[in-house]
Amino acid sequence: DVKVTQSSRYLVKRTGEKVFLECVQDMDHENMFWYRQDPGLGLRLIYFSYDVKMKEKGDIPEGYSVSREKKERFSLILESASTNQTSMYLCASSPIRGGNQPQHFGDGTRLSIL
Amino acid sequence: AQSVTQPDIHITVSEGASLELRCNYSYGATPYLFWYVQSPGQGLQLLLKYFSGDTLVQGIKGFEAEFKRSQSSFNLRKPSVHWSDAAEYFCAVGTAFIDYKLSFGAGTTVTVRA
C-alpha cells in the first residue's frame, strides 16, 4: 500500500514564525501536492510538484512556498505564519502524469497559529 | 476549467437505510471522477473511480457510483449504511490532459443514527 506520512498530526505556532510541514511518500510517485482543508470549502490546492526541484502554484499559493529536493519528500513552508493560515493541511501523491491517477493522502496536519 | 458541486452539506441517515450522495461536475469533455471518504481525524481514502466503460462503478466498503453524462452527475450510493460510514465524503474530477490536478467538491458530511 502507498504510504504518505506527514511529520506532525498537530502543530501550534505563533504569528510571524516560519513553519515547516513535511511530507514523505514511499511509492516513488512523481507527483506530490499540498492542500488546505477548511469547513465548507473542501480541499484547495496550494502547490504541487511533478518532479524533483519542480513546483507549480495551485489555487491559493499566497503566503506559502514549497521545496522538493528529493523525490520522496515535499515540504510546505509558511514564510511568516498568520492566524488565517490556521487550518488542516493535507499532503498527497500520485504516479506519473494525467488526470486519471487517484491521489493518495496522508493523515493531515492540524495547524494552529496563535 | 473543471469544477465539482456537492449540493448536500450534511445528510443524516438511519443505520441500515440506503444512502445517496450527489455530485455534479462541470467539464467539457469526458472527466475522470473519484469519490473519497474522510473519517474524523484522518486523511482521504479513495472509495472508487471512473475513467471509462461501464457507467456503474463498484468501490470499497460496499459503495457504488453511477456516471450519467446527460446529467453531468456521479452520485455515490450504498444500499445499507453502517455506523462506521459516518464520515465526510468528497467528489473529485480530473481531466484527460497533462494536468495532474484534481478539483474537489466542498464535501458532504454523513451522520448515521442508531
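Check the entry above for the structure.
Bear in mind that the values here come from a model prediction, so they are computed numbers and not experimental data.

**Student:** What am I meant to see in the overall build of chain A here?
**Tutor:** Looking only at helices and strands, one finds zero helices and eleven strands in chain A. For chain A, the sequential pattern of α-helices and β-strands runs β-β-β-β-β-β-β-β-β-β-β. For chain A, whose C-alpha radius of gyration is 13 Å, the value lies close to the compact-globule estimate of 13 Å for 114 residues. Oriented by its inertia axes, the alpha-carbon framework of chain A measures out at about 40 × 30 × 25 Å. Residue burial in chain A is summarised as follows: out of 114 residues, 50% are buried.

**Student:** What exactly am I supposed to notice about the state of the cysteines here?
**Tutor:** Among covalent bonds in proteins, the disulfide is the one between the sulfur atoms of two cysteines. As enumerated under the stated definition, the model contains two disulfides over all chains in all. Put simply, C23 of chain A and C91 of chain A are joined by a disulfide, and their sulfur atoms are 1.9 Å apart. Every disulfide takes its handedness from the sign of the S-S torsion; for C23 of chain A and C91 of chain A that torsion is -80°, giving left-handed. Of this pair, C23 of chain A sits in strand β3 (residues 19-25) while C91 of chain A sits in strand β9 (residues 87-94), and the two are 68 residues apart along the sequence. Looking at C23 of chain A, the relative accessible area reads 0%, which means it is buried. Of the residues examined, C91 of chain A reaches a relative accessible area of 0% and is grouped as buried. Paired by a disulfide, C23 of chain B and C91 of chain B hold their sulfur atoms 2.0 Å apart.

**Student:** Sorry, what's going on with the interface of chain B and chain A here?
**Tutor:** How big an interface is tends to be stated in terms of the accessible area lost upon association of its parts. In this assembly, 24 residues from chain B lie in contact with 23 residues from chain A. Carbon and sulfur atoms supply 59% of the area buried between chain B and chain A, which totals about 1,900 Å² over both sides. Summed over the shared surface of chain B and chain A, the result is three residue pairs in polar contact (both at pLDDT 80 or more). Those elements that provide at least two residues to the side of chain B that touches chain A are β5 (32-38), β6 (44-50) and β10 (87-94) of chain B. Per element, the largest residue contribution to the side of chain B that touches chain A is four residues, and it comes from β5 of chain B. Considering only residue class, the side of chain B that touches chain A consists of 13 nonpolar, seven polar and four charged.

**Student:** Can you walk me through the side chain of N75 of chain B in this structure?
**Tutor:** Residue and element names in this part refer to chain B. Following the sequence through the fold, N75 ends up in strand β9 (residues 73-78). One polar contact links N75 to E20, side chain to side chain, over a distance of 3.3 Å. When sequence neighbours within four positions are dropped, the list of residues in contact with N75 reads E20, L21, R22, C23, W35, E64, A65 and E66.

**Student:** Even after reading the chapter, I still don't get the environment of Q101 of chain A, so can you show me in this structure?
**Tutor:** Structurally, the position occupied by Q101 of chain A is in the loop between β9 and β10 (104-105). Judged by its relative accessible area of 19%, Q101 of chain A falls in the buried class. Once residues lying within four places of it in the same chain are set aside, the contact partners of Q101 of chain A are S94, P95 and I96 of chain A together with F34 of chain B.

Parameters and conventions
Residues numbered from 1 in each chain as written. Chains lettered and ligands numbered in written order. Predicted model: local features only at pLDDT ≥ 70, side-chain atom pairs only at ≥ 80, totals over all residues. Heavy atoms only, no water. Helix = DSSP H or I, 4+ residues; strand = E, 2+ residues; numbered from the N terminus. Rg over C-alpha atoms; globule rule 2.2 N^0.38 Å. Buried < 20%, exposed > 50% of the residue type's maximum accessible area, 1.4 Å probe, protein only. Disulfide = S-S within 2.5 Å. Contact = heavy atoms within 4.5 Å. Buried area = accessible area lost by both parts, 1.4 Å probe. Polar contact = N/O pair within 3.5 Å; in protein donor to acceptor, adjacent residues only side chain to side chain. Nonpolar A, V, L, I, M, F, W, Y, C, P; charged D, E, K, R; others polar.

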